[in-house]
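The lines below spell out each chain.
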Amino acid sequence: MSAEAELFSILNRRQQINDALENGEEVKHTYRVVNIYTEFHEFSRKEIKEYQATFSKYDEGNDGFLDLAELKIMMEKLGAPQTHLGLKGMIAEVDEDKDGKISFREFLLIYRKARAGELESDSGLGQLARLTEINVDEVGVNGAKNFFEAKIEQQLMTNKFHDEIRQEQEEKRRMEEERVIRRQQFQQRAAVFQ
């Protein structure tokens, strides 16, 4: 979200609150969860990053939202085209802020609902969740078996985010050490020519 759009949103909300207070209406507080990793604790960091990659792939406007046209293209590319009304229904089912678009947080709600069994398999969102999850044809039965065993193991981990963050930090440290070694080797080779 651009700074201007964010400022507009804040000022618009402030105006709605002021108008409601002047009319003696009750003001309903809205809260935004900042960290999707803690809100969507049922997903691992890796899964969320994969969902982010899928979301970004179809967010052609790079505005952080999937609008009706982008959702239409996404469903066509996934091989499950939808009618205009079907697409609007898909958006309405997860559009919590009623802006007519799907944010990344709302995109994750699709997968949460799919895991909870709250989506009909033949509905647009059910097809989207199914088509963007693991494909047994691509990875084979053993790949799917490994996938689900890994899922179970992740569910049993008590502090999976801590472990994932530690692994990411170790990977960055290892890459930095390799970079330093490569630079030293280059400097040694370059010294021969001086």
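Taking an unreviewed UniProt entry as the reference, the protein chain is identified by name as Putative swiprosin belonging to Psorophora albipes.

A. View of the packing of aromatic side chains. Per the stated rule, a full pass over the model turns up six aromatic pairs. Ring geometry for Phe43 against Tyr51: centres 5.4 Å apart, planes inclined by 80 degrees, an arrangement best described as edge-to-face. Classification of Tyr51 as buried rests on a relative accessible area of 5%. Geometrically, the ring pair formed by Phe55 and Phe104 is edge-to-face, given 5.5 Å between the ring centres and 65 degrees between the ring planes. Of this pair, Phe55 sits in helix α3 (residues 45–58) while Phe104 sits in helix α6 (residues 104–115); the two residues are 49 residues apart in sequence, bridging distant segments of the chain. Pair check on accessibility: Phe55 and Phe104 agree, each one buried.

B. Representation of the UniProt feature "domain: EF-hand" (unreviewed entry) in the protein chain. With numbering aligned to this structure, UniProt lists the feature "domain: EF-hand" (unreviewed entry) at residues 46–81 and 82–117. Summarising residues 46–81: 64% helix, 6% strand, and an end-to-end C-alpha distance of 28 Å. As annotated, residues 82–117 comprises 64% helix and 6% strand, and the C-alpha atoms at either end are separated by 21 Å.

Cut-off values and rules
Residues numbered from 1 in each chain as written. Predicted model: local features only at pLDDT ≥ 70, side-chain atom pairs only at ≥ 80, totals over all residues. Heavy atoms only, no water. Phe/Tyr/Trp six-rings, centres within 6.5 Å; stacked < 30°, edge-to-face > 60°. Buried < 20%, exposed > 50% of the residue type's maximum accessible area, 1.4 Å probe, protein only. Helix = DSSP H or I, 4+ residues; strand = E, 2+ residues; numbered from the N terminus. UniProt positions renumbered as here; feature names shortened; annotations may be inferred.

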